[in-house]
Amino acid sequence: MYDIGKYQEATTVEEALRYLHDDPGSRIIAGGTDILINVREGKDMGVHLVGIQRINPLRKIIVNREGTLSIGPLVTFTELEENELINKYVSYLGQAGGTMGGPQLRNIATIGGNICNGATSADSASMLFCLNARLHLRTKESERTIPIQDFYLGPGKVDLKSGEMLTEILIDRIDYQGFAGKYTKFSQRKALDIATIGCSLMLKIRKNIIEDLRLAYGVAAPTPVRCCNAEQYAVGKMVTLEVAKTIGMKALEDVSPRDSWRGSKAYREQLIQELAQRAVMELLDQGGKKDA
Amino acid sequence: MLRKITMTINGEKRTLEVDDRESLLEVLRERFSLFSVKQGCSVGECGACAVLIDGLSINSCIYLAVWADGREIRTVEGFEQDGKLSVMQQAFVDEGAVQCGFCIPGFLISATELMEKKRSFSREEVRRALSGHLCRCTGYQKIVEATEKGLK
Ligand SMILES: Cc1cc2nc3c(=O)[nH]c(=O)nc-3n(C[C@H](O)[C@H](O)[C@H](O)COP(=O)(O)OP(=O)(O)OC[C@H]3O[C@@H](n4cnc5c(N)ncnc54)[C@H](O)[C@@H]3O)c2cc1C
Ligand code: FES
Ligand code: FES
């Protein structure tokens, strides 16, 4: 039995927001794959939970007339990987999600939970940084939309106010159109392992010249990070191995990796350079462009 | 708190009261004696407790029993039809994929999920589909081969 103090289950967003409002200490549970592990490990004992799994409108992926993609927070990683719109417009986000956990976890773990858990290692997060994703957050009384970069405050810490719930992840057309992308998860095992470093790259190339490049990492800092120095350097350059190497070097200016049992700081720095360089060359081989 | 839920377990509709702190694993083993559902790690890492929930392989140790309300649950106990093992079970037997057997029901659940997609899979895809299960005995090769045989 889990040491859960109270459990309420909502079938609409409004109902969930009401439960959260009326019981300020309570927390949302989506797929439960982070929260239940915490309870099992003796953290969060007696926690009050608001279940949102049955709020079906939060499972949708749609694209509106302006081309903005809207991803519901309850979309599971299996759904993300198999979804037609995701595959058409941002297949690399589906690919990134496909590296998390194992199949049984991807069948239930949600993208919203992955973000709100606040881990720097979250496999969907660094790609969402590259995509300039915006998060729509609601309470019973208010709502706001903020860039994902502003949502991450520190290790395991996100800007989620009391009573607040993530209801939509938004990606604008200018942030995906014409880009190719790739997520590289470097881990000791191919499944059921946390990344030693996660590297997300998006690239837009015209006639071998880099028009736009976006680079972000997981586990390279207390939160996922975008590498502005590397990005600024890259724009307008002709892609060569030399340039790809420099992009990797420049990335080091924006990160602050640490020693942990999974890998040393020096090892991580090596990975940060190498993974960016390889991803650039690989996307170049693929044409650096995908029609979307 | 106790809640009344109704779920289909291996084809039979069951209504019962569950505590909202209970995992589906606990309910399946303790109330329905479905002992194919193994308790290994209890934290989602080993796959021994996997069951099919509306056709998806999910670890029942980290799944609240109340979430099963209105859903269809299948365990290995339900695979046998008229005294005959399912195609996938028979493939595991024929290929000698079983040693101690503790992990096997979990593998069968994920292999069956794959089988029901009714298409062909590359060896890489099969390995990936089974990658959420740990086996301490077999070294996986025969399990992969058995799954491929069952998929044919
Ligand atoms: C064995 C195992 C392996 C794992 N491997 C990986 C891995 O490789 N990569 C990886 O990134 N993660 C991994 N995880 C972590 C976890 O599975 C993911 O972070 C998952 O995406 C969490 O989603 P969930 O729906 O299960 O979250 P939950 O546990 O339900 O919630 C997580 C947190 O987010 C909050 N939350 C959830 N939804 C919302 C919402 N809509 N609004 C506001 N707050 C919300 C919850 O209150 C909670 O704090 C692993 C977990 C396990 C158990
Ligand atoms: S017992 Fe559920 S995954 Fe190990
Ligand atoms: S057969 Fe013994 S653990 Fe797999």
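(A) Expanded view of the packing of helix 2 (residues 87–94) of chain B against helix 3 (residues 104–115) of chain B. Residue and element names in this part refer to chain B. At their nearest, the axes of helix 2 and helix 3 sit 9 Å apart, and the two run at 130 degrees to each other. Compared by their axis directions, helix 2 and helix 3 come out oblique. As helix 2 packs across helix 3, the resulting crossing turns out to be right-handed. Facing helix 2, whose interface residues are Met88, Gln89 and Phe92, helix 3 presents Ile104, Phe107, Leu108, Ala111, Thr112 and Met115. Each residue belonging to the contact of helix 2 with helix 3 can be placed in one class, and the counts come to 7 nonpolar, 2 polar and no charged.

(B) Representation of helix 11 (residues 241–251) of chain A in the model. Residue and element names in this part refer to chain A. Listed in full, the buried residues belonging to helix 11 are Val243, Ala244, Ile247, Gly248 and Ala251. Each buried residue of helix 11 sits inside an arc of 145 degrees when the element is viewed along its axis, so together they form one side. Of the surrounding secondary structure, the elements contacted by the buried residues of helix 11 are strand 13 (209–218), helix 10 (228–234) and helix 12 (265–285).

(C) How the structure looks around the pattern of salt bridges. Scanning all chains against the criterion turns up 31 salt bridges over all chains. The partner of Asp123(A) in a salt bridge is Lys185(A), with the nearest N and O atoms 2.8 Å apart. Within this pair, whereas Asp123(A) is found in the loop between helix 7 (111–116) and helix 8 (125–130), its partner Lys185(A) is found in strand 11 (residues 180–186), the two being separated by 62 residues in sequence. With respect to class, Asp123(A) is no different from Lys185(A); both count as buried. The partner of Glu125(B) in a salt bridge is Arg119(B), and the shortest N-O contact between them spans 3.7 Å. Within this structure, Arg144(A), Asp159(A), Lys161(A) and Glu164(A) form a network of salt bridges that share partners.

(D) Broad picture of the site of ligand 1. Contacts to ligand 1 come from 35 residues, most closely from Ile28(A), Thr33(A), Asp34(A), Thr110(A) and Asp123(A). Residues near ligand 1 are shared among chains A and B, making this a multi-chain site. One of the backbone nitrogen or oxygen atoms of Gly32(A) is found 2.8 Å away from an oxygen atom of ligand 1. Asp34(A) is positioned such that a nitrogen or oxygen atom in its side chain is 2.6 Å from an oxygen atom of ligand 1. In isolation ligand 1 offers 990 Å² of accessible surface; the protein chains occlude 94% of this area. For the shell around ligand 1, the secondary-structure elements that each account for two or more residues are strand 2 (27–29), helix 2 (35–40), helix 7 and strand 10 (165–171) of chain A.

Cut-offs used in this document
Throughout, residues of each chain are indexed from 1 in the direction in which the sequence is written. Think of it this way: whatever chain is written first is A, whatever ligand is written first is 1, and the rest follow in order. Whole-chain, interface and lining totals are the exception, using all residues; otherwise, since this is a predicted model, local features are given only for residues with pLDDT of at least 70 and side-chain atom pairs are given and counted only at 80 or more. Computation of side-chain values: all heavy atoms of the structure, hydrogens and water removed. The axes are straight lines fitted to the C-alpha atoms, using for helices just the contacting stretch, and the angles between their N-to-C directions are given from 0 to 180°. Secondary structure elements are defined from DSSP: runs of H or I of at least 4 residues count as helices, runs of E of at least 2 residues count as strands, and each element is numbered from the N terminus. Roughly parallel covers angles under 35 degrees, roughly antiparallel covers those over 145, roughly perpendicular covers 65 to 115, and oblique covers all other angles. Here a crossing is called left-handed whenever its near helix is offset anticlockwise from the far helix by less than a right angle, and right-handed whenever the offset is clockwise. Two residues form a contact once any of their heavy atoms are found within 4.5 Å. Polar here means any residue outside two lists: the nonpolar Ala, Val, Leu, Ile, Met, Phe, Trp, Tyr, Cys and Pro, and the charged Asp, Glu, Lys and Arg; Gly therefore counts as polar. For every residue, the accessible area (1.4 Å probe, protein chains only) is compared with the maximum for its type, and the residue is labelled buried under 20%, exposed over 50%, or partly exposed between those bounds. Each C-beta atom gives one direction from the helix axis, and the arc is the one those directions make. Whenever a carboxyl oxygen of Asp or Glu lies within 4 Å of a side-chain nitrogen of Lys or Arg, that contact is scored as a salt bridge. A molecule or strand has a residue near it when one of that residue's heavy atoms lies within 4 Å. For this analysis, a polar contact is any N or O atom pair within 3.5 Å, provided that within protein one partner can donate a hydrogen and the other can accept it, and provided that sequence-adjacent residues contribute only side-chain to side-chain pairs. Here the open area of atoms and residues is found with the Shrake-Rupley method and a 1.4 Å probe, where only the protein chains shown may cover a residue.

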